[in-house]
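Fold and geometry: a report
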6 protein chains.
Amino acid sequence: MLLHHCTWLEVEDRLKRSTGIIVPIGSTEQHGPNGLIGTDALCAEVVAQGVGETLDALVAPTIAVGMAQHHLGFPGSVTLRPSTLIAVVRDTVQSLARHGFDRIFFVNGHGGNIATVTAAFSEIYAERSLDSSGRNAPAVRCKLKNWFDGPAIGKLSKELYGDAEGSHATPSEVSLTQYAFPHSIKKARMSPDIAPSGLIYDSEDYRRRFADGRIGSNPMLSTPEAGKRIYDTAVAEVAETYRQFLGAA
Amino acid sequence: MLLHHCTWLEVEDRLKRSTGIIVPIGSTEQHGPNGLIGTDALCAEVVAQGVGETLDALVAPTIAVGMAQHHLGFPGSVTLRPSTLIAVVRDTVQSLARHGFDRIFFVNGHGGNIATVTAAFSEIYAERSLDSSGRNAPAVRCKLKNWFDGPAIGKLSKELYGDAEGSHATPSEVSLTQYAFPHSIKKARMSPDIAPSGLIYDSEDYRRRFADGRIGSNPMLSTPEAGKRIYDTAVAEVAETYRQFLGAA
Amino acid sequence: MLLHHCTWLEVEDRLKRSTGIIVPIGSTEQHGPNGLIGTDALCAEVVAQGVGETLDALVAPTIAVGMAQHHLGFPGSVTLRPSTLIAVVRDTVQSLARHGFDRIFFVNGHGGNIATVTAAFSEIYAERSLDSSGRNAPAVRCKLKNWFDGPAIGKLSKELYGDAEGSHATPSEVSLTQYAFPHSIKKARMSPDIAPSGLIYDSEDYRRRFADGRIGSNPMLSTPEAGKRIYDTAVAEVAETYRQFLGAA
Amino acid sequence: MLLHHCTWLEVEDRLKRSTGIIVPIGSTEQHGPNGLIGTDALCAEVVAQGVGETLDALVAPTIAVGMAQHHLGFPGSVTLRPSTLIAVVRDTVQSLARHGFDRIFFVNGHGGNIATVTAAFSEIYAERSLDSSGRNAPAVRCKLKNWFDGPAIGKLSKELYGDAEGSHATPSEVSLTQYAFPHSIKKARMSPDIAPSGLIYDSEDYRRRFADGRIGSNPMLSTPEAGKRIYDTAVAEVAETYRQFLGAA
Amino acid sequence: MLLHHCTWLEVEDRLKRSTGIIVPIGSTEQHGPNGLIGTDALCAEVVAQGVGETLDALVAPTIAVGMAQHHLGFPGSVTLRPSTLIAVVRDTVQSLARHGFDRIFFVNGHGGNIATVTAAFSEIYAERSLDSSGRNAPAVRCKLKNWFDGPAIGKLSKELYGDAEGSHATPSEVSLTQYAFPHSIKKARMSPDIAPSGLIYDSEDYRRRFADGRIGSNPMLSTPEAGKRIYDTAVAEVAETYRQFLGAA
Amino acid sequence: MLLHHCTWLEVEDRLKRSTGIIVPIGSTEQHGPNGLIGTDALCAEVVAQGVGETLDALVAPTIAVGMAQHHLGFPGSVTLRPSTLIAVVRDTVQSLARHGFDRIFFVNGHGGNIATVTAAFSEIYAERSLDSSGRNAPAVRCKLKNWFDGPAIGKLSKELYGDAEGSHATPSEVSLTQYAFPHSIKKARMSPDIAPSGLIYDSEDYRRRFADGRIGSNPMLSTPEAGKRIYDTAVAEVAETYRQFLGAA
């Protein structure tokens, strides 16, 4: 169930049954010649909503812009500074905690968010950990789950693409968006087939190393059919992780 | 055209024709007994995308969470602090400016965002205005346009609902979401028909004054048919405002 | 009564009778060829102190520098960034709240402050609205009242100056300072009589559009005699607004 | 000359002759049973304006609220957090620097401001010192001068009050306000004649140690006549310091 | 060579030969019943200084306090909020960049720092990536290397301790401090031999799950002799990583 | 006793006897041709640890980087912005307060830290002073003690060096590091014998005025023997100050 398609009375009712909520978080950044700029946000959103349907769980609106400073050399990429994204995650979690949500599960579509969102969780916990006034704010637990990161999805990517999977603008994520948004499939030629790999610093350096935006991948192999398999596998795996998160002591 | 459904090469191409971009901004907050929590974000998004189609203009992902501290007494409402939202708008504009966008047009769905987003524009301009180093960063212009605020849409709301329009959880915005999301039409009884009016301070005070969340409105009058007329009128009016913004000296 | 001309014992005594306080807020920025740089702060201060005398109300020191980034192209203009002004308003309100003041009434002399001060109020309320620790900090209510904005003062400005009133460096505000500070009346010729109008972005753009600083006004029409009428009208109108604010449920 | 009583054209003209400006800074805080809450701001302002007259120098509006957290146990005291005051000083200096002012001279009336304003200067300088981009922002020099701190004024205070001068709510500063504001002279009995002395931590601790707000002083000895001598001495001494600051290589 | 044991003339000289520098970063937090509170800072420091000796490389003073909010339930633990640590890393890197250092290599001793320090690097890069003024600040590259994280050290830990290594207060890190600080070897009994494992949220939750502070480890197995082997292995492995970092295109 | 060489159980035990702790704070900045870049941190650390031994008091890890923006014109100098250092001091104090430490004693080795650290104390106290929620966080007291600043050490410096002591890169501090780190004694010729004196603004201005980094000093007079006398005197004097701080009502 989408939070934004509920009324507040419906949320009040749901809170009696479960105090967990799913928050998709992605990025708006170049994804190579045939990947959508919204790939990371779109993938996180469709997987999160798939989990929501599978488990009848509540899904908040997607945080569509993440930490993508290294992509700013390519038109259309948008970033939040890490300090800004920390504030966004903190305010989101504090708002939800106010209503009694205490298991906040972020489904993430972008590797570049991991460090900052993890730091944001620590910023939130630190408020409580540093407080010596004996206030009794309720504890909250946050978890970040990358949809592309798990045994089943890893196995599938390897089976489908092997070394052509790479680490940015991967055929897996491009396939997933092709499955979810069949009217937005893009055609493009790239050379070499598999993009170079390397380390990431600032956006000028990135553009110099990775001329068309890809890292280590060959997204020309993407198909909507593969996207369907990826979707099913990711939803099942992320749903299981969420179930365990809710059930943990 | 949706920015997130473009590749970076398509954005590069579009920038040669136009340096304007539309950014929908809304809120995720209670909208009374039959209004969706996402009303303000959903309305801003559908109107902005309508404008995008009308003018073949680029539309960025929606900033779905805005400044809604006063609604936190109702489950499901989420807010950014004004200081956080200022940082989000600043980073968004700076990212877009980096690529050469210099007319950033925010289509807004939430009255509570107006002050903060306007302050954010000043924060952005102030960086340039306070700089005495002779740096030559390009100037950028930002504009906030409320879709619900203009002669044509005002006339239509008055014709449709008169005094029952109110100022929060209005039948106009609820109708618009009913038109756009017909599977999420909610039924609810409310009493009195027209909610009380008054001033807004913090969330406890709000909940005490406005028991079911509405202010001055009767959203039981909402219909998808009215939503269609509202959509058409808002898109036309906002499109015209954007056209003028792009063309201004 | 001026807060700064009281002892703390006198304030303690006054708090038993009223928990309201008036805070004048203005700006230090160019006001065209014959307007004082302090116009907005001086007007807010004299009106606020007039209200203080009328109602035997407490008046705090004036916040003399506001949000004026757009005027920085003209020598002598000073601005606070919006983020700084938000912190100033927050600290001021929290200090006063600590003593038991719970109705903080800002008399404003500068249109450019409205968005930022309104955002500051939300920042203050958000602390309370986001807190889920059950702390029992007392609620506080803040209100911003522009002295130049009300039915009576609007009618008078129209009667006195019609279309020559404009929106910056208006003959009304210049007249008010001429009445209050008769030794600081400046003579200047300007051309055209009525300055151009237009939108405001950063300070370079502003200076290019509005060469002598005025917007839409003809302050050569200013007189101390008109200033007297403006003063009397503004004080009465603002006093009535404050009285209602204190009395509201 | 008061900056706020100039037009921008007058400031433009003055900048051709001198790039220095005086900024009074004080505090709004309890000053014992017969001292005005505005004592520190009022003293800084009258001395600064006296210097302005003596040297035909430009004087900006007073920063009336400073760092006074330790006084918050007494009604009417207002503080800025150090982090807020640093931002205020930074924005003020950057605004003035934008116009070409490069000698910013703060006349201070409050011991509690010294550390924070000094830190603010370092924050401003650090922007330049940390910048490795080769930008050519002009250098600016800031100086803080306490009006109550110098050989001549120290000698006079000692002559007038000896050990009864103390360190807060001193007879010297109270005398100075009695001279400057003869209609606001307050009568009060205090016991003991000379208040206790000690260290300063937070506001609760302060109120417990210093029950009526004074530290080490006997302000019952204040007279407007002494205030006249203090005024003359302080103005002469501060003016000389400013002259040297402007002339320094 | 220790930066803090150089003169500035020696640093100037060294910069002609290498623009790299090593910054040890650790934490000050409980390390179970027999681990030193400084374990993470001490280990990072001794390994970094060992690398400095091996390669004749410059080593900056250790950042001894890191992100350790989760340990605050145990006396003596000290944390920086993530937002504070980001500012510390940013100022450190900007200072070094000012002198021409452009390869900043952080040798890290604490898993809890990884996310925040990585986010700090992005915050630094983002300043450059978001800048559209054409400024020509030199690019800088930062790298975080955990001394305990690499094929050789991983193999050694496994050989030495197998499943008793755990993830906090490990016998490897305790052994390393026992080797480096033989006068500070602590004796303590713990039960069970191997501490429980689990996830980390705030400090209350941590203390409830991990009663004596350890996670998954048996540090009673620590010996200074093992510490010697760990030291040699870590220094060699980290030195090799630094050499590659300096040499990379 | 060093905090970082304790276990948490030992700290828990010590807290039963004393709630005081010593935090050394210095700077990492040029100290002229023969002074170590770490002089201020090293001196603060050795004196603080001497006090710790004398009184069996707990000593935290050294804050090795302070506020040194003015030294950035000389290679190897590192600074924290004042706003960053305030956050570091605040987080450190809040962490210690969480465990029950309520007397935090900073032994300082750098004049440039005084203003910022003092402002940081006020920032910490202000949180409590501005809080009107009736929370009962325990009060904490902070004190800054410069090891080089006291009657006994002043007398000794004068006796040893008279006018050649100066104010930066003094023979006293260089002697102290020569005593403490005999393997890091540097030889250098300087001219003139006694460096010029003057005021401090930004780092470019500093380098222009003070070509080799010294201010008013002749550190060629430094000897390890003098360092021994300085060490003994400083430790005794600082220890006595700490004793009084702990014992004060």
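Refer to the structure above for everything that follows.
Reading the values: the criteria
- Residues numbered from 1 in each chain as written.
- Chains lettered and ligands numbered in written order.
- Predicted model: local features only at pLDDT ≥ 70, side-chain atom pairs only at ≥ 80, totals over all residues.
- Heavy atoms only, no water.
- Helix = DSSP H or I, 4+ residues; strand = E, 2+ residues; numbered from the N terminus.
- Rg over C-alpha atoms; globule rule 2.2 N^0.38 Å.
- Buried < 20%, exposed > 50% of the residue type's maximum accessible area, 1.4 Å probe, protein only.
- Contact = heavy atoms within 4.5 Å.
- Salt bridge = Lys/Arg side-chain N within 4 Å of Asp/Glu carboxyl O.
- Least-squares fit on C-alpha atoms with pLDDT ≥ 70 in both.
- Pairing = 2+ DSSP bridges.
- Axes fitted to C-alpha atoms, helices over the stretch in contact; angles between N-to-C directions.
- Arc of directions from axis to C-beta.
- Phe/Tyr/Trp six-rings, centres within 6.5 Å; stacked < 30°, edge-to-face > 60°.
- Disulfide = S-S within 2.5 Å.
- Buried area = accessible area lost by both parts, 1.4 Å probe.
- Polar contact = N/O pair within 3.5 Å; in protein donor to acceptor, adjacent residues only side chain to side chain.
- Nonpolar A, V, L, I, M, F, W, Y, C, P; charged D, E, K, R; others polar.
- Left-handed = near helix turned anticlockwise from the far one by under 90°.

This part takes up the overall build of chain A. Each helix and strand counted, chain A has 8 helices and 3 strands in total. Starting at the N terminus and ending at the C terminus, chain A contains elements arranged as α-β-α-α-β-α-β-α-α-α-α. The C-alpha radius of gyration of chain A comes to 19 Å, within 12% of the 18 Å expected for a compact globule of 249 residues. Along the first, second and third principal axes, the C-alpha set of chain A runs to 60 × 35 × 30 Å. When burial is assessed residue by residue, chain A has 65% of its 249 residues classed as buried. Expressed as a percentage of contacts within chain A between residues at least 6 apart in sequence, the contacts between residues at least 24 apart total 77%.

Right, let's talk about the pattern of salt bridges for a bit. Opposite charge on two side chains permits them to pair, given that their charged atoms come into close proximity. Tallied over the entire structure, the rule returns 101 salt bridges over all chains. Put simply, C:R128 and B:E204 hold a salt bridge, and the shortest N to O gap is 3.0 Å. Here C:R128, found in helix α4 (residues 114–129), pairs with B:E204, found in helix α7 (residues 203–209), and the two come from separate chains. Overall, the relative accessible area of 42% leaves B:E204 in the partly exposed class. F:E240 serves as the salt-bridge partner of F:R243, at 3.0 Å between the closest nitrogen and oxygen. Here F:E240 and F:R243 lie together in helix α8 (residues 224–247), a separation of 3 residues that amounts to about one turn. By relative accessible area, which is 46% here, F:R243 ends up partly exposed. In the salt-bridge network here, residues are joined through shared partners; they are A:R81, B:R90, B:D91 and E:E127.

Superposing chain A onto chain C takes a rotation of 120° plus a shift of 0.0 Å along the axis, which leaves an RMSD of 0.0 Å. Taken together, the turn and the small shift mark the pair as related by a three-fold rotation axis.

Let's shift gears to the arrangement of the chains. Between chain C and chain E there is no contact; the minimum C-alpha to C-alpha separation amounts to 15 Å. When C-alpha atoms are compared, chain B and chain F, though not in contact, are closest at a spacing of 15 Å.

Attention now goes to the sheet that holds strand β1 (residues 20–25) of chain F. All names here are of chain F. A sheet is described by the order of its strands in space; here 3 strands give the open sequence β1-β2-β3, paired in parallel fashion. For this open sheet the edge positions go to β1 and β3 (141–146), each flanked by a neighbour on one side alone. Shown here is a sheet whose adjacent strand axes are inclined to one another by a mean of 20°, direction ignored. When β1 meets strand β2 (residues 103–108), the two strands line up parallel, connected through 6 bridges. Each residue of the ladder has a partner; that of I25, found in β2, is N108. Relative to β2, α8 is tilted by about 160°, and along the sheet it contacts β1, β2 and β3.

Our next topic: helix α1 (residues 8–17) of chain C. Residue and element names in this part refer to chain C. Along α1, the positions that sit buried rather than exposed are W8, V11, R14 and L15. Seen along its axis, α1 keeps its buried residues to an arc of 115°; they face one direction. Relative to its buried face, α1 has exposed residues pointing more than 90 degrees away, namely K16 and R17.

Bringing the relation of the copies chain A and chain B into the picture now. Superposition of chain A onto chain B requires a rotation of 180° combined with a translation of 0.0 Å along the rotation axis, giving an RMSD of 0.0 Å. What the rotation and shift describe, once combined, is the action of a two-fold rotation axis. Among all residues of chain A, the minimum C-alpha distance to the rotation axis is found for A:T84, at 3.4 Å. The share of interface residues of chain A whose copies in chain B are also at the interface is 100%, consistent with both copies meeting through the same surface.

Residue and element names in this part refer to chain D. Burial within strand β3 (residues 141–146) is extensive, with 5 of its 6 residues counted as buried. Taken together, the 6 bridges between strand β2 (residues 103–108) and β3 define a ladder with parallel strand orientation. By the bridge assignment, I104 is partnered in β3 with C142.

Scanning all chains against the criterion turns up 54 aromatic pairs over all chains. Ring geometry for A:W147 and A:F148: centres 5.8 Å apart, planes at 85°, overall edge-to-face. On the numbers, 4.8 Å between centres and 65° between planes, the contact of E:W8 with F:F74 is edge-to-face. Residue E:W8 is located in helix α1 (residues 8–17), and its partner F:F74 is located in the loop between α2 (39–55) and α3 (82–98); the two belong to separate chains. Of the residues examined, E:W8 reaches a relative accessible area of 4% and is grouped as buried. A network of ring pairs unites the aromatic residues A:W8, B:F74, B:Y206 and B:F210 as a single cluster.

Simply put, the disulfide is a covalent bond whose two ends are the sulfur atoms of two cysteines. Enumeration over the complete set of coordinates arrives at 0 disulfides over all chains. The thiol sulfur of E:C6 is not disulfide-bonded, and the nearest other cysteine sulfur, from F:C43, lies at 16 Å.

Now for the interface of chain A and chain C. Counting from both sides, the interface comprises 9 residues of chain A and, opposite them, 6 residues of chain C. Around 590 Å² of area is buried between chain A and chain C when both sides are counted, 47% of it from carbon and sulfur atoms. Connecting chain A to chain C are 0 salt bridges. Remark: the boundary between chain A and chain C carries 1 residue pair in polar contact (both at pLDDT 80 or more). Looking at the side of chain A that touches chain C, its residues break down into 3 nonpolar, 3 polar and 3 charged.

What follows covers the side chain of D:D205. With respect to the element layout, D:D205 can be found in helix α7 (residues 203–209). Polar contacts involving the side chain of D:D205 include one to the side chain of D:R209, which spans 2.5 Å. Side-chain polar atoms of D:D205 contact the side chain of F:R141, separated by 3.1 Å. For D:D205, the contacting residues outside a window of four places in its chain are D:L199 and F:R141.

With that settled, the discussion passes to the packing of helix α2 (residues 39–55) of chain D against helix α8 (residues 224–247) of chain D. Residues and elements named next belong to chain D. Remark: α2 packs on α8, axes separated minimally by 9 Å, with the N-to-C direction vectors making an angle of 65°. Classified by chirality, the crossing of α8 by α2 is right-handed. Of α8, the residues touching α2 (which contributes V46, V47, G50, V51, T54 and L55) are Y231, A234, V235, V238, A239, Y242 and R243. Class assignment for the residues of the contact of α2 with α8 results in 10 nonpolar, 2 polar and 1 charged.

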